[in-house]
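# Fold and contact review
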Amino acid sequence: MDFALDGPQEELRRLATDVFDGETTPERLRPYGPGARAETPAGYDRDIWAAAARAGLIGAALGEDAGGTGGGAVEAAIVLREAAARGAPVPALAVLALGALPVSLCGTAEQRAALAPAADGHRILTAGVAEPGRHDPADPATTAVPDGGDLVVTGAKVSVPHAAAADTILVPVRLDGGGTGVLLVPRDTAGVTLTPEPTGAAITAARVGLDGVRVPAATLLGGDTTGAAARTLRRCALAGLAATVSGALAAALALTTEHVRTRRQFGRSLAELQAVTMKVGDIYVAARALDAAMWAGAWRIDALPDSGARDTDAVLAAAALLITDQAHDAFYTAQHLHGGLGVDASYPLHRHFSTAAWAARLLGGTEARLDALGDIAVRDTPVHAHA
């Protein structure tokens, strides 16, 4: 199946490239490097994010009733990939993949309409997709107990990207009676606490504690208690993480290719050594594999009805495994080929490596992703096949 971008999507990619190329100058990126977080209390560059909003990059991934131009997961992936390829310190993953896209896909009319400020860059959303020891938002331990017309939420989410800057946090919860839903929790609600977590990347993150947080029952995303909204959030999160790591890996490959081409030792360039070119080839193969899974997953989110959800889950589970395994190894290879420069925190490769490493931790690592893929395989295998 051909997942090549169509005309408007290719135009969006070129626009995103132009915007982020123009905005992510070394001077703009420097305050977001290691040890400089205190200089940027917002955790992201507001000017770059405002430029992306003015260009329509945020609204490109949202439906028209959500303040956007009618796009979806593919458009979100385009913007996320180009932002990550330049190490842009913006909350693109949080707002697009974890916040606005799930609300646009699952929200009520009122919830979707409330996204208009997000499309304009004036509202930040994010989601808690992982908990201590748990990495599937569709299987949360956080609980929500009814009390009058409210729900009382207790639990914790970890590695929540841009939580400190968020206006609203999507919180997957286990509902009274066994159902699962997603709550739209204002960050400043009583009982919500934030503990910063180090990432080493352009993405800031925090642990979000929820101690008897009381929210109206109307904050339940789409009013859904069946788990459908939580499963949609999981798919959007996996597609968004895949697009982010894909962009970071594309940048790492470009940096490595240029380095081995220009770096000379013993009178010749590193690229003339067969062992070096084979290692660069390994990075290229990992990048292409992740790209294929990422585009296939994003396309399925947009194109397939609920009956195709199993196929979508399998493709995105494969993408998540690639992030924690082959792509993770590819970043180490890129560092190795750079020699001592590869571990220099001021060199751009460190930013991309750190972003990918954070994504792999958020996903729980290779073993967790193998388990998730195995669960899908068992679930989709006919009962008689186990006999």
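Residues numbered from 1 in each chain as written. Predicted model: local features only at pLDDT ≥ 70, side-chain atom pairs only at ≥ 80, totals over all residues. Heavy atoms only, no water.

### Here's the deal with helix α1 (residues 7–23)
Two residues of an α-helix separated by three or four positions point the same way, owing to the 3.6 residues in each turn. Cut-off, in case you're wondering: By definition, any uninterrupted DSSP run of H or I lasting at least four residues is a helix, any uninterrupted run of E lasting at least two residues is a strand, and each is numbered from the N terminus. Given a helix with a known number of residues, its expected span is that number minus one, times 1.5 Å. When accessible area is computed with a 1.4 Å probe and restricted to protein chains, residues below 20% of their type maximum are described as buried, those above 50% as exposed, and intermediate ones as partly exposed. Throughout, a contact is declared for two residues whenever any of their heavy atoms are within 4.5 Å. We call two N or O atoms a polar contact when they sit within 3.5 Å, provided that within protein one can donate a hydrogen and the other can accept it, with sequence-adjacent residues counted only if both atoms are side-chain atoms.
Compared with the 24 Å implied by 1.5 Å per residue over 17 residues, the 24 Å span of α1 between its first and last C-alpha is a close match. Residues of α1 that are buried include every one of Gln9, Leu12, Ala16, Thr17, Val19 and Phe20, and no others. Buried-residue contacts for α1 involve α3 (46–54) and α4 (73–85). Put simply, Asp6 is the residue that caps the front of α1, since its side-chain oxygen is 2.9 Å from the backbone nitrogen of Gln9.

### Some words on the packing of α4 against helix α5 (residues 92–106)
The following threshold applies: Lines are fitted to the C-alpha atoms to define the axes, a helix being fitted only along its stretch in contact, and any angle between axes, read from their N-to-C directions, falls within 0 to 180 degrees. Any angle from 65 to 115 degrees is called roughly perpendicular, while one under 35 is roughly parallel, one over 145 is roughly antiparallel, and all others are oblique. Residue classes follow a fixed rule: Ala, Val, Leu, Ile, Met, Phe, Trp, Tyr, Cys and Pro count as nonpolar, while Asp, Glu, Lys and Arg count as charged, and any other residue, Gly among them, counts as polar.
Taken N-terminus to C-terminus, the directions of α4 and α5 make an angle of 170°; their axes are 10 Å apart at the nearest point. Relative to α5, the element α4 is oriented roughly antiparallel. Here Ala73, Ala76, Val79 and Leu80 of α4 come into contact with α5, specifically with Ala92, Leu93, Leu96, Ala97 and Leu101. Classifying every residue of the contact of α4 with α5 by side-chain character gives 9 nonpolar, no polar and no charged.

### Considering the packing of aromatic side chains
Note the cut-off: Here is the rule: rings of Phe, Tyr and Trp (six-membered ring for Trp) pair when centre to centre is within 6.5 Å. Planes less than 30 degrees apart are stacked, more than 60 are edge-to-face, and the remainder are tilted.
Summed over the entire model, instances satisfying the criterion amount to 2 aromatic pairs. Both rings, one in Phe331 and one in Phe353, keep their centres 6.4 Å apart while their planes meet at 80°; by these two values the pair is edge-to-face. Within this pair, whereas Phe331 is found in helix α11 (residues 326–337), its partner Phe353 is found in helix α12 (residues 348–362), the two being separated by 22 residues in sequence. The exposure class of Phe353 is buried, given its relative accessible area of 12%. Aromatic side chains Tyr332 and Phe353 sit 5.0 Å apart centroid to centroid with 85° between the ring planes, which places their arrangement in the edge-to-face category.

### Some thoughts on the environment of Pro102
Tracing the backbone through its elements, the reader meets Pro102 in helix α5. Separated by 128 residues in sequence, Pro102 and Ala230 have C-alpha atoms that sit 8.8 Å apart. Discounting chain neighbours no more than four positions away, the residues touching Pro102 are Leu96, Ala97, Gly107, Leu170, Leu221, Leu233 and Cys236.

### A look at the pattern of salt bridges
Note the threshold: Salt bridges are defined by distance alone: a side-chain nitrogen of Lys or Arg within 4 Å of a carboxyl oxygen of Asp or Glu.
Within this structure, the stated rule accounts for 18 salt bridges. A salt bridge links Arg86 to Asp21, with the shortest nitrogen-to-oxygen separation between them at 2.6 Å. Placement of Arg86 in the loop between α4 and α5 and of Asp21 in helix α1 is noted, with a sequence separation of 65 residues between them. Judged by its relative accessible area of 17%, Arg86 is buried.

### Topic: unusual backbone geometry
Not every positive phi belongs to a glycine, and Ser159 is a case in point at roughly 55°. In this model, His162 sits at a positive phi of 55°, which is unusual for a non-glycine residue. By the element assignment, His162 lies in the loop between β3 (150–161) and β4 (168–175).

### Quick look at the confidence of the model for the protein
Definition in use: On a scale of 0 to 100, pLDDT captures the predictor's confidence in every residue.
For the protein, mean pLDDT is 91; residues scoring 70 or higher make up 94% of the total. Taking the mean pLDDT of every element in the protein, the minimum, 82, falls on strand β8 (residues 264–265) and the maximum, 98, on β4.

### As for the state of the cysteines
Just so we agree on the cut-off: For this text, the term disulfide refers to a pair of cysteine sulfurs within 2.5 Å.
Per the counting criterion, the structure on display carries 0 disulfides. With no disulfide of its own, Cys106 lies 7.1 Å from the sulfur of Cys236, the closest cysteine sulfur. The exposure class assigned to Cys236 is buried, which follows from its relative accessible area of 1%.

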